[in-house]
Amino acid sequence: MSILTERQAVEAALDAARWAPSVHNTQPWSFAVKGDEIALRADVDRQLRVEDVPGRELLISCGAALYTMRTALRCAGFEPVVRVLPDPDRPSLVATVRPGAPAEPDELTLLMGGEIERRRTHRAAFTDLTVPDRLLDALALGAMGEGARLAVVGEPTAVEVIAALTRAAQGVQAQDRRFTLEVIRWARPPAAGRSDGVPAGAYPRTAPRTDPFFPQRDYAWRHDWGTEPDRSATSAGVVAVLTTARDGRGDWIAAGQALQRVLLHASAHDVSAAFHTQALEMHHLREFLRHELLSGEFPQMIMRLGITFEEKESVRRPLSDLLG
Ligand SMILES: Cc1cc2nc3c(=O)[nH]c(=O)nc-3n(C[C@H](O)[C@H](O)[C@H](O)COP(=O)(O)O)c2cc1C
């Protein structure tokens, strides 16, 4: 039995979608509602012109919003009916979604639905608490269910290689004025009125170095912004790469759906994720990773998973700004 009407379920799905993760919190999406059908559109005005020329991270972000809507509809008691890239003549129409047949949500879906607003990106070291192998296996199964693969990187040498690629990419991007300006553009200064971008309450002022060291993006850029980190946390956590077999627009949307499925499931077990996608924005480094470590599969997200007790801030645009 559904507890909400179709109309209420659609409203809940729209409200939930706002909380999906997106690159630099660009929130590159808009929605149109016709009857009970939601059209999810990519907002290309919010695409990162330097870091994300192909629009890969834009569509991963939209895929995450799509999975969020599916979860919210399930929690409201409806099986979602989804069409991905339904109209070749309208490439920015990412998907249509509507509530289908009534269906009782299972326990995990309800738990994941409860994490949609609570989940936060982490940007520092993790505590020494272990992420259970059983959870990692379940996260990998979930990613597979969305057409992606979550490759948990167990081999210390491989973890060091990924950390080194991240350092190389961050080093090059930090020297490049175009990259720096784009990060500054999406850094949200303390007390700023805007409701997008990465706020100063979302990253530490200086983070203890993990071994191996995975550098963060420099959102504070020459300002004394950021929170006081938990200095007792020093672990890099578990490194994982989300991959797809191909690298088309549909694969990026699938990767985004898999990403949010992994993140909400992890968050339901108090496991957070930190992302390091700098190397994936540099063609040669991405190709190196693909061929040397991933047997030719396409890396879509690099993340560290772990346990933290630090509170983080995030902001979102109101729904009224997103309805077109
Ligand atoms: C495609 C994609 C790439 C991202 N890359 C990074 C990254 O390299 N570094 C980082 O700190 N966060 C990264 N993020 C996380 C976003 O910055 C984060 O989702 C956004 O700021 C919203 O904050 P929240 O996840 O805490 O709600 C990425 C997210 C997505 C979807």
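Quick note: structure is the one above.
Residues numbered from 1 in each chain as written. Predicted model: local features only at pLDDT ≥ 70, side-chain atom pairs only at ≥ 80, totals over all residues. Heavy atoms only, no water.

**Considerations on the pairing of strand E10 (residues 298-306)**
Then, number 1: Where burial is concerned, most of E10 is hidden: 9 out of the 9 residues are buried.
Then, number 2: With 7 bridges joining them, strand E8 (residues 238-244) and E10 adopt antiparallel strand pairing. Looking at the pairing, Ala240 lines up with Met303 of E10.
Then, number 3: Two strands pair when backbone bridges link them, and strand E9 (residues 272-275) and E10 are joined in this way by 4 bridges, in the antiparallel orientation. The residue of E10 that forms the bridge with Phe275 is Met303. (Buried < 20%, exposed > 50% of the residue type's maximum accessible area, 1.4 Å probe, protein only. Helix = DSSP H or I, 4+ residues; strand = E, 2+ residues; numbered from the N terminus. Pairing = 2+ DSSP bridges.)

**Things to note about the pairing of strand E1 (residues 29-34)**
Then, number 1: Across 6 bridges, E1 lies against strand E2 (residues 37-42) in antiparallel orientation. Paired with Val33 across the two strands is Ile38, which belongs to E2.
Then, number 2: As consecutive antiparallel partners, E1 and E2 are separated by 2 residues, and within that stretch Gly35 has a phi angle of approximately 60°, a positive value.

**Structural notes on the side chain of His265**
Then, number 1: Position of His265 among the secondary structure elements: in helix H7 (residues 249-268).
Then, number 2: Non-local contacts of His265, meaning those with residues more than four positions away in its chain, are made with Leu108, Met112, Leu135, Ala138 and Leu139. (Contact = heavy atoms within 4.5 Å.)

**Concerning the site of the ligand**
Then, number 1: Every one of the 21 residues lining the ligand counts as a neighbour, but Arg119, Thr121, Arg123, Thr277 and Arg316 are closest to it.
Then, number 2: With respect to the ligand, the side chain of Arg123 contributes an N or O atom lying 2.7 Å from an oxygen atom.
Then, number 3: Split into classes, the residues belonging to the shell around the ligand amount to 6 nonpolar, 9 polar and 6 charged. (Near = heavy atom within 4 Å. Polar contact = N/O pair within 3.5 Å; in protein donor to acceptor, adjacent residues only side chain to side chain. Nonpolar A, V, L, I, M, F, W, Y, C, P; charged D, E, K, R; others polar.)

**Observations regarding the packing of helix H2 (residues 56-75) against H7**
In helix packing, the relevant descriptors are the interaxial angle and the interaxial distance, both defined with respect to the helix axes.
Then, number 1: For the pair H2 and H7, the least separation of the axes is 6 Å and the interaxial angle reads 50°. Judged by the inter-axis angle, H2 sits oblique to H7. Pair H2 / H7 crosses with right-handed handedness. Contacts between H2 and H7 involve Arg56, Leu59, Ile60, Gly63, Ala64, Leu66, Tyr67, Thr68, Arg70 and Thr71 from the first element and Arg249, Trp252, Ile253, Ala255, Gly256, Gln257, Leu259, Gln260, Arg261 and Leu264 from the second.
Then, number 2: Here the residues of the contact of H2 with H7 are counted per class, giving 10 nonpolar, 6 polar and 4 charged. (Axes fitted to C-alpha atoms, helices over the stretch in contact; angles between N-to-C directions. Parallel < 35°, antiparallel > 145°, perpendicular 65-115°, else oblique. Left-handed = near helix turned anticlockwise from the far one by under 90°.)

**Comments concerning the sheet that holds strand E5 (residues 149-153)**
Then, number 1: Read across the open sheet, the 4 strands follow the order E5-E8-E10-E9; overall the sheet is antiparallel. Every other strand in the sheet has two partners, leaving E5 and E9 as the edge strands with one partner each. Going from strand to strand, the sheet's axes swing by 35° on average, the running direction of each strand aside.
Then, number 2: Strands E5, E8 and E10 of the sheet are contacted by helix H4 (residues 133-145), whose axis makes an angle of about 150° with E5.
Then, number 3: In this fold H7 packs onto E5, E8, E9 and E10, with an angle of close to 150° to the strand it touches most, E8.

**Topic: the packing of aromatic side chains**
Then, number 1: Going through the model one piece at a time under the given rule, you end up with 1 aromatic pair.
Then, number 2: Over the face of the ring belonging to Trp186 we find Arg185, whose NZ or CZ atom lies 4.0 Å from the ring centre.
Then, number 3: The residue whose ring lies beneath Arg209 is Phe213, and the NZ or CZ to ring-centre distance is 3.9 Å. (Phe/Tyr/Trp six-rings, centres within 6.5 Å; stacked < 30°, edge-to-face > 60°. Lys NZ or Arg CZ within 6 Å of the ring centre and 35° of its normal.)

**Points about helix H5 (residues 156-175)**
Then, number 1: Between its first and last C-alpha atoms H5 spans 29 Å; for 20 residues at 1.5 Å apiece the expected length is 28 Å, and the two agree.
Then, number 2: For H5, the elements touching its buried residues are E5, helix H6 (177-185), E8, helix H8 (283-293) and E10. (Expected span 1.5 Å × (residues − 1).)

**Focus on the packing of H4 against H7**
Then, number 1: It is at 8 Å that the axes of H4 and H7 come closest, and there the two elements cross at 150°. Overall, the two elements H4 and H7 adopt an arrangement that is roughly antiparallel. Read as a crossing pair, H4 and H7 show a hand that is right-handed. Residues Leu135, Ala138, Leu139, Gly142, Ala143 and Gly145 of H4 lie in contact with H7, whose contacting residues are Ala258, Arg261, Val262, His265 and Ala266.

**A closer look at the sheet that holds strand E4 (residues 93-102)**
The pairing of strands in a sheet comes from backbone hydrogen bonds and takes either a parallel or an antiparallel form.
Then, number 1: Spatially, E1-E2-E4-E3 is the arrangement adopted by the 4 strands of the open sheet, whose pairing is antiparallel. Edge positions in the sheet fall to E1 and strand E3 (78-84), since each has one partner strand and no second. Each neighbouring strand pair of the sheet contributes to a mean axis angle of 25°, computed without reference to strand direction.
Then, number 2: When E2 meets E4, the two strands line up antiparallel, connected through 4 bridges. In the sheet register, Leu40 faces E4, and the bridge partner there is Ala95.
Then, number 3: Along the sheet, helix H1 (residues 6-17) contacts E1, E2, E3 and E4; its crossing angle with E1, the most-contacted strand, is approximately 175°.
Then, number 4: On the sheet, H2 packs against E1, E2, E3 and E4 and is oriented at approximately 155° with respect to E3.

**Describing the nonpolar core**
Then, number 1: Grouped together as the largest cluster of nonpolar side chains are 59 residues, with contacts concentrated most on Phe31, Leu150, Leu242 and Met303.
Then, number 2: Top contributing element to this core by residue count: H2, with 11 residues.
Then, number 3: In terms of nonpolar packing, the next biggest core, distinct from the first, is built from 17 residues, Val159, Ala169, Met282 and Ile302 among them. (Core = buried A, V, L, I, M, F, W, Y, C linked by side-chain atoms within 4.5 Å.)

**Section: H7**
Think of an α-helix as turning once every 3.6 residues; residues three or four places apart then point the same way.
Then, number 1: The terminal C-alpha atoms of H7 lie 29 Å apart, and with 20 residues this matches the ideal 28 Å at 1.5 Å per residue to within 8%.
Then, number 2: Positioned one or two residues after H7, Asp270 has a phi angle of 60°, which is positive.

Everything listed here is a matter of coordinates, which is why it stays silent on function.
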